[in-house]
Each structure stands twice: as C-alpha cells, then as structure tokens.
Amino acid sequence: MNKGYPIKIYNEQELRRSSLVLGWSEDIGNLGRKATGYLNRKLKGREFAEIEPEAFFPLGGVAIEGNLARFPESKFYACQEYELVVFQSDSPGAEWYKFLNSVLDVAEQHCRVKELYILGAMVSFSAHTAPRQLIAVVNSAEMKEVLGQYEFFFVMDS
Amino acid sequence: MYAEGKKAYQMANLVLDVAEKFKCRRVYTSGAAVALTHHTTKPRVWAVPNSESLIPEIKGYGNTILMSDIEGRGGHGNITGLNGLLLGVSKKRGFEAICLMGEIPVYLQGLPLSYPKASKSVLEVLSRSLKIEINLDKLDELDRKAERRIEEFYQQIPLEIRGQLDRLRHVTYAQPDEPGPITEEEEKRIMEDVEKFFKKRGGGG
C-alpha cells in the first residue's frame, strides 16, 4: 500500500491470481451496484477492505435517498473460492487519479489481481424488449482476443 | 463556527469514539427544518434515519414525517453539517442514527429569535423514542414569550404578504398525492414575497 492513501485492510486475503470487478453506485439503471451486489451475494463475497472517504468525497453533510441518509462507500469484497475481488463504490467527487490509484494499490498489493473488469451501463437506441448487446472497451490485444470469442460482445480498443 | 470537510469528518469520528466507549447503540442528532408552515401550528418533526430498519419505529412516533411524506421531495434531500455527517459516519461505524428536525416557518428563518415550539416537538419525539418522560413546562413558558415576539413581528409584515402567509396555517404534508391548499405557483410567490420583505428590512437579522 502506498503511504498517504487512506486504505483500510481488515483481513489479508490469500489470493494468487485474481480478477477484480468494479461497479459504481451512480450507474444508469443501477447496473454497477446491482451487478456487483449480485456477484457478492451469489459468490459469498466478504468485505475485507475499504477506501476512507475523507480525501475523495464532499463531507459537508449527507444526501437523503429513499428516506435514508446515504454515506459514500468504497468497499472491497473477496470471493476467495473463485479468485474474485469485487469493488463497489460511489463515484468520488474529487481526486479521481489518487482514488483510482488507491483501488489499484489494493488490487496489486493485496489481491494479486491480473485483470480488471469495470461494469457500466450505456444508453442506446433499442427497445427494452430487444436482446442486450455488450460493448467492451479493452486496453490490451490479449483481452481483445479473449473477449472476441464471445458472440454477444462487441469489442473496441481503448 | 462550523467544522467542514475533513475536520468535520474527524469531529464526527471523535464523537462516535466517545459513544463507542460508553457503549451507545444509537445516535440522535437534531436541528431545524425550514418549512412552509405557520407559527400558530404545531411544528412537525422531520425524521431521517440511517437504516431501513428504523422506519417502522419512526412511523409510530406520531407528529413525525419522513422525507417521502413531504410534498415534492420524493424521499430525497440533504442534511448539511455535522447533523447529517454524524448519520453517515454512524452508518459506516455500525451505529443506528436518526436526525430529528423541528419545523420552523420559512418567514422566521432569518430572525434572531429562538423557536421553542420546534424544540418541544423534537423533545416530545425524543422522549417517546427513548421512553423517558421529560417535563416540558419550562419550554412552554419560553414558547409563550417567543410567541408574543413572533406575533409582534408578524403584525409588521405588510398586509398583502401576511395574507399569503396566513394560508400556511392550512398546509399539510400528510397526503402528498392530493393537491395541497396552496399550489406550487403560490408557494413560489410566498417565498418571493418573504424574500422581498426581508431585503427591504435590510437582511432581516
């Protein structure tokens, strides 16, 4: 962990070659939150680390959503058996670069992550009854080849 | 003077450190909610919990409303400052927390007057929640004094604006699906008139 990054590790994980899946709370259709939440439930994800909010979120009070006070959360969950790490977070209001580096510090130094999947929704001109298509933007030729094997993917280079 | 940002976060955590030390399970914060109400009506208490499980309990308090009961809010809003931050940090640290906010009429918000009526409403709810009987007689006495000063101020408001404000006597938030006694347009006009009045008075204190 780099010094100065407010990362809290509650339990060290025994991961050898894991994948990290990231989802943001403010996604269209709640996709990021729902998909990562589903993974956590089904694969029994256990919270093991978090990023402290003070450097990244405005802390002048709280927002109320659905009658409840909401507080920014940035949490890591480990699905040990599947070599999978799930990161659920609100989008930071400041210091994005530092925040993302904090995420990658945990991935690299505590989870031995070899690949990252960032989930999100995309608005498109399609009917709600039409089959979904997934669009993937990748940052390596290797990943492009792997995802290109699946029919439902439309893969683009970043 | 208010703590802000990182300092406020640290302060909220310090408060909860003490709460933890004394084995507190729940945190209550309180404040004012500026509302379209009249000073002759009993102020309601807006309650914001930090956990879904507290909602049934809050609904049983009486004279208490959730954000979704307030017309036009849709269950959304903000609580600024430590009152709000403590709810959030409590959630993060595993404490139950409820913010109780007493309604203060919109036209009194800029005045250097205390409003014991709202304090009383909040304390009534708090005593129900904590199951502690609190003698509020002293607060009634303060309320009577404050009421006289508020009434003096109220009579100084130009008749036309006062006429608009008098309509707030009948405002309710209980049935958000039904049309209220004042329309949105009227609500806007009342706010504009009140602002104009305070500007003329030189800021209104």
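Since this is a predicted model, take the numbers as computed values, not measurements.

**Student:** Explain a positive patch on the surface here, please?
**Tutor:** A cluster of basic residues, Arg33(A), Lys34(A), Arg41(A), Lys42(A) and Lys44(A), forms a positive patch on the protein surface. With respect to the helices, strands and loops of the structure, Lys44(A) is situated in the loop between helix 1 (31–42) and strand 3 (46–51).

**Student:** Help me understand the sheet that holds strand 2 (residues 45–49) of chain B in this model?
**Tutor:** In a beta sheet, neighbouring strands pair by backbone hydrogen bonds and run either parallel or antiparallel. All names here are of chain B. Taken together, the 4 strands give an open sheet; going across it, the order is 1-5-2-3, and neighbouring strands pair in mixed fashion. This sheet does not close on itself; its edge strands, each paired only once, are strand 1 (26–35) and strand 3 (64–65). Note that strand 2 and strand 5 (residues 96–105) share 5 bridges and pair antiparallel. Bridge assignment links Val-48 to a residue of strand 5, and that residue is Cys-99. In this fold helix 4 (residues 116–130) packs onto strand 1, strand 2, strand 3 and strand 5, with an angle of close to 155° to the strand it touches most, strand 5.

**Student:** Whenever I open this one, the sheet that holds strand 2 (residues 18–24) of chain A confuses me. Can you help?
**Tutor:** All names here are of chain A. Spatially, 1-3-6-7-2-8 is the arrangement adopted by the 6 strands of the open sheet, whose pairing is mixed. At either margin of the open sheet sits one strand with a lone partner, and together these are strand 1 (7–9) and strand 8 (113–119). Recorded for the sheet is a direction-independent mean angle of 25° between the axes of neighbouring strands. This element, helix 1, spans strand 2, strand 6 (74–79), strand 7 (84–89) and strand 8 of the sheet and lies at about 145° to strand 7.

**Student:** I tried to follow the pairing of strand 2 of chain A on my own but got confused; where do I start?
**Tutor:** On any regular strand, side chains alternate: one points to one face of the sheet, the next to the other face. Residue and element names in this part refer to chain A. In terms of burial, strand 2 is largely enclosed, as 7 of its 7 residues are buried. Every second residue of strand 2 is oriented toward a common face, with Ser-18, Leu-20, Leu-22 and Trp-24 on one face and Ser-19, Val-21 and Gly-23 on the other, all of them buried. Judged from the 6 bridges that link them, strand 2 and strand 7 form a sheet pairing that is parallel. Within the sheet, the bridge partner assigned to Leu-22 lies in strand 7 and is Phe-87.

**Student:** Whenever I open this one, the packing of helix 4 of chain B against helix 5 (residues 137–156) of chain B confuses me. Can you help?
**Tutor:** Each pair of packed helices can be described by the angle between their axes along with the distance between the axes. Residue and element names in this part refer to chain B. As a packed pair, helix 4 and helix 5 sit with axes 8 Å apart at the nearest point and diverge in direction by 150°. If you check the angle between helix 4 and helix 5, you find them roughly antiparallel. Touching Pro-116, Lys-117, Ser-119, Lys-120 and Leu-123 of helix 4 are Leu-139, Asp-140, Leu-142, Asp-143, Ala-146 and Glu-147, all from helix 5. The residue makeup of the contact of helix 4 with helix 5, split by class, is 5 nonpolar, 1 polar and 5 charged.

Criteria and thresholds
Residues numbered from 1 in each chain as written. Chains lettered and ligands numbered in written order. Predicted model: local features only at pLDDT ≥ 70, side-chain atom pairs only at ≥ 80, totals over all residues. Heavy atoms only, no water. Patch = residues over 30% accessible without salt bridge, like charges linked within 9 Å, V, L, I, M, F, W, Y side chains within 5 Å. Areas by Shrake-Rupley, 256 points an atom, 1.4 Å probe, with all protein chains shown as cover. Salt bridge = Lys/Arg side-chain N within 4 Å of Asp/Glu carboxyl O. Lys, Arg positive; Asp, Glu negative; His and termini not counted. Charge placed at Lys NZ, Arg CZ, Asp CG, Glu CD. Helix = DSSP H or I, 4+ residues; strand = E, 2+ residues; numbered from the N terminus. Pairing = 2+ DSSP bridges. Contact = heavy atoms within 4.5 Å. Axes fitted to C-alpha atoms, helices over the stretch in contact; angles between N-to-C directions. Buried < 20%, exposed > 50% of the residue type's maximum accessible area, 1.4 Å probe, protein only. Parallel < 35°, antiparallel > 145°, perpendicular 65-115°, else oblique. Nonpolar A, V, L, I, M, F, W, Y, C, P; charged D, E, K, R; others polar.

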